[in-house]
Structures are given as C-alpha cells and as structure tokens.
Amino acid sequence: MKIENPKLGKNEQKDFYKCLEEDNFASANIENTEIKQEVIIEDITIDSCTFKNIDFTKVIFRNVDLIDVCFENCNLSNKDFDERLINRVIFKNTKLTGSSMIDTSLKDVQIIDCNATYLNLAGSNINKLSLKSSDFSNVSFFDAKIKNMEVDKVNFNKTEFIKVNLENVDFSTSNIEDIIIDKDSLKNIIIDSLQSLDIVRLLGVKIKE
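Attention here is on the structure that accompanies the text. (Residues numbered from 1 in each chain as written. Predicted model: local features only at pLDDT ≥ 70, side-chain atom pairs only at ≥ 80, totals over all residues. Heavy atoms only, no water.)

1. Notes on the packing of aromatic side chains
Operational definition: Each Phe, Tyr or Trp ring, with Trp reduced to its six-membered ring, pairs with another whose centre is within 6.5 Å; inter-plane angles below 30 degrees give stacked pairs, above 60 give edge-to-face pairs, and intermediate values give tilted ones. The classification of residues rests on relative accessible area computed with a 1.4 Å probe and restricted to protein chains. Under 20% of the type maximum is buried, over 50% is exposed, and intermediate values are partly exposed. Elements are defined by DSSP. Helices are runs of H or I of four residues or more, strands are runs of E of two residues or more, and each kind is numbered from the N terminus.
With the rule as written, the count across this model stands at 15 aromatic pairs. Between Phe51 and Phe56, the ring centres sit 5.6 Å apart and the planes meet at 80°, which makes this aromatic pair edge-to-face. Across the pair, Phe56 and Phe51 agree in class, each one buried. With centroids separated by 5.9 Å and ring planes inclined at 75°, the aromatic side chains of Phe161 and Phe171 adopt a geometry described as edge-to-face. A residue pair is termed long-range when its members are at least 10 positions apart, and Phe161 in strand β9 (residues 160-161) and Phe171 in the loop between β9 and β10 (180-181) qualify at 10 residues. We classify Phe161 as buried; its relative accessible area is 0%. Exposure remark for Phe171: the relative accessible area of 3% places this residue in the buried category. The rings of Phe16, Tyr17, Phe25, Phe51, Phe56, Phe61, Phe71, Phe81 and Phe91 are connected pair by pair, giving a single aromatic cluster.

Following this line, the structure appears as structure tokens:
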C-alpha cells in the first residue's frame, strides 16, 4: 500500500501562543511548548504543521480538521476529533489514549510507535491507514468502513472489530489475543499458524491439549 506523506514544505518556526492569538495554525513548526493553562482551538483547519514535544492535555479541540500534519513526541490523550477530517497526518511516538474519532474521515494516516489504547474509531471512514509498533488494545473499530489498512507489530488485545471489512489485512506480526470480532469481519483476514488458535477459540471451539 502506498501512503501519501504530509505536505509540509519549508515551514517557519512559530510560537504556539502566537498562532493561537492569530487563530492560524498553518505552515508552522511548533516545538517544546509548555501549555500551563486551558486553551481552546476551535473551528479551524490545522494545515501543514509539525508539532514536537508538546503536551496537549490542557488543549480543547472543537471542530478542528487536520491536514498535512505531523505530531511527534506529543500527548493527544482524550481529545475529540469526532466527525472531522484527518488527511495526510503522521502520529509518531504520541499518546492517543482515550481519544475519539467517531464518524471521522481518515485518509493517508500513519500511526507509529504510539499508545492508542481505548481510541474510539467507531463509524469512521478509513482509507489508507498504516499502524506500526503501536498499542491498539481496547480500541473500537465498530462499524468502521475500512479500505486499505496495513498493520505491523500492533497490539490489538481486546480490540473490537464488529461489522468491519478486514479482507486481506495481514495481522500475522501483531497480537490478536482476545480480540472481539464477528464472523463476517473475520473473512479473508491474514494470520499466521500460531494465531489460528486464537481464532478457533473465538469461534467457540474447544482445543484438546
């Protein structure tokens, strides 16, 4: 699967609070900012930006789209991106724990070395999603529309795949122990021989040892 990287160009180093004051997060490199008080970013598109070493705990996102953005070494836990657009975005070594992307459109998105436990992707529209070396345990993909997803060394323990098309998704390098999945979603997934035991148990078959 060929995935498109963010189009960042030669961005300027900018101050987070200056961008906030101008209500303009575009074509900026923003790094090493300590956000001490609650701030609200709303009704904008964050476009062509790189964020590094930023804890967004005190930031509230409201109606924010992400286009051509890279987050590296950031904390985006418990953030709300429901019903938004996330296009050509990289999350690298970033916390997405408990964040919500319900009914969100994700295209050309890469999640690398991230903690994304309890992320909610229910009803999302996914096209070209790459997950690598990340913790996706207890995540919900309920009724997500998935087209072109690749996974490598991902922990899917207790993750929910219900009413999802996973045809030709290769889980062979990932942990699928105790995943929650219906029979239709199982069709034509790719696993290795050892993982077949996990799938057999999901079907209610008892294995004699």
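2. Observations regarding the pattern of salt bridges
Filter applied, for reference: Salt-bridge detection follows one rule: a side-chain nitrogen of Lys or Arg within 4 Å of a carboxyl oxygen of Asp or Glu.
Under the counting rule described, the total for this entry stands at six salt bridges. Between Arg62 and Glu42 there is a salt bridge, with its nearest N and O atoms 4.0 Å apart. With a gap of 20 residues between them, Arg62 in strand β4 (residues 59-72) and Glu42 in strand β3 (residues 39-52) connect regions that are remote in the sequence. According to the relative accessible area criterion, Glu42 is partly exposed, its value standing at 35%.

3. Considering the sheet that holds strand β6 (residues 105-112)
How we decide: For two strands to count as paired, DSSP must find a minimum of two bridges between them.
Spatially, β1-β2-β3-β4-β5-β6-β7-β8 is the arrangement adopted by the eight strands of the open sheet, whose pairing is parallel. The strands lining the two open edges of the sheet, one partner per strand, are β1 (12-13) and β8 (145-152). Bridge count between strand β7 (residues 125-132) and β8: seven bridges; the pairing is parallel. Residue pairing for β8: Ile126 is matched across the bridge by Ile146.

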